[in-house]
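# Geometric and topological summary
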Amino acid sequence: MLIALIAKDKTGALQTRKDNRDAHLAYIDSTGVVAQAGPLLDEAGEMAGSLVILDVTDMSAAQDWAANDPYAKAGLFESVELVAWKKVIG
């Protein structure tokens, strides 16, 4: 099951993102469930959120993954949305 994680950073949290980026990327590598990922950008082109496509068994697995993401543990996000997603192109 593909799940899109759409997270928006708290205002002024760019340094928190940078400080936890290596741990976040290591988490992505170690879990093996991320099909695609990348930062959302603000008007100035700075990182301001995340889009992560998870390939997991169910929504509960996606929720567990999201809760254990180092970004989430660092309090980076203002909001997180998990939505079932269907790949059509690409």
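Structure report, in brief. The structure displayed is predicted, hence computed values, not measured ones.

### Re the nonpolar core
Ranked by size, the top nonpolar core spans 15 residues in total, and within it Leu-5, Leu-54 and Trp-65 carry the most contacts. Excluding residues within four positions of it along the chain, Leu-54 makes contact with Met-1, Leu-2, Ile-3, Val-33, Val-34, Ala-62 and Trp-65.

### Some words on the packing of aromatic side chains
Tallied over the entire structure, the rule returns two aromatic pairs. Ring geometry for Tyr-27 and Trp-65: centres 4.8 Å apart, planes at 35 degrees, overall tilted. Of the two residues, Tyr-27 is situated in helix α1 (residues 14-31) and Trp-65 in helix α2 (residues 59-68); the sequence distance between them amounts to 38 residues. Ring geometry for Tyr-71 against Phe-77: centres 6.1 Å apart, planes inclined by 90 degrees, an arrangement best described as edge-to-face. Taken individually, Tyr-71 and Phe-77 each receive the classification buried, so the pair is uniform in this respect.

### A few points about the packing of α1 against α2
At a minimum axis separation of 11 Å, α1 and α2 run at an interaxial angle of 150 degrees. The pairing of α1 with α2 is recorded here as roughly antiparallel in orientation. In this structure, α1 crosses over α2, and the sense of that crossing is right-handed. On the side of α1, the interface is formed by His-24, Tyr-27, Ile-28 and Thr-31, while α2 contributes Asp-64, Trp-65 and Asn-68. In terms of residue class, the contact of α1 with α2 is built from three nonpolar, three polar and one charged.

### Thoughts on the sheet that holds strand β1 (residues 2-9)
On the basis of which strands lie adjacent, the open sheet formed by four strands has the order β2-β3-β1-β4 and antiparallel pairing. Single-partner strands in this sheet number two, and they are β2 (34-41) and β4 (77-84). Strand-to-strand twist of the sheet, defined as the mean angle between neighbouring strand axes without regard to direction, takes the value 15 degrees. Bridge count for β2 against strand β3 (residues 47-55) is seven bridges, and the pairing is antiparallel.

Analysis parameters
- Each chain carries its own residue numbering, running from 1 in the direction its sequence is written.
- Totals for whole chains, interfaces and linings use all residues, but because this is a predicted model, local features are given only for residues with pLDDT of at least 70 and pairs of side-chain atoms are given and counted only at 80 or more.
- Working from all heavy atoms in the structure, the side-chain values ignore hydrogens and water.
- What is meant by a nonpolar core is a set of buried Ala, Val, Leu, Ile, Met, Phe, Trp, Tyr and Cys residues, joined one to another through side-chain atoms within 4.5 Å.
- Throughout, exposure labels follow a simple rule: accessible area from a 1.4 Å probe, protein chains only, divided by the maximum for the residue type, with under 20% read as buried, over 50% as exposed, and the rest as partly exposed.
- Working rule for contacts: check all heavy atoms of both residues, and any pair within 4.5 Å makes them a contact.
- Stacked, edge-to-face and tilted labels apply to pairs of Phe, Tyr and Trp rings (six-membered ring for Trp) whose centres lie within 6.5 Å, assigned for plane angles under 30 degrees, over 60, and everything in between, in that order.
- Secondary structure elements are taken from DSSP: a helix is a run of H or I of four residues or more, a strand is a run of E of two residues or more, and numbering for both begins at the N terminus.
- Helix axes use the C-alpha atoms of the stretch in contact, all axes being lines fitted to C-alpha atoms, and the angles between their N-to-C directions lie in the range 0 to 180 degrees.
- Between 65 and 115 degrees an angle is taken as roughly perpendicular, under 35 as roughly parallel, over 145 as roughly antiparallel, and anywhere else as oblique.
- In this scheme the crossing of two helices becomes right-handed for a clockwise turn of the near helix relative to the far one and left-handed for an anticlockwise turn of less than a right angle.
- Classification used: nonpolar for Ala, Val, Leu, Ile, Met, Phe, Trp, Tyr, Cys and Pro, charged for Asp, Glu, Lys and Arg, polar for all others including Gly.
- Only when DSSP finds a minimum of two bridges between them are two strands counted as paired.

So, to be careful, I would describe these as geometric facts and stop short of saying anything about function.
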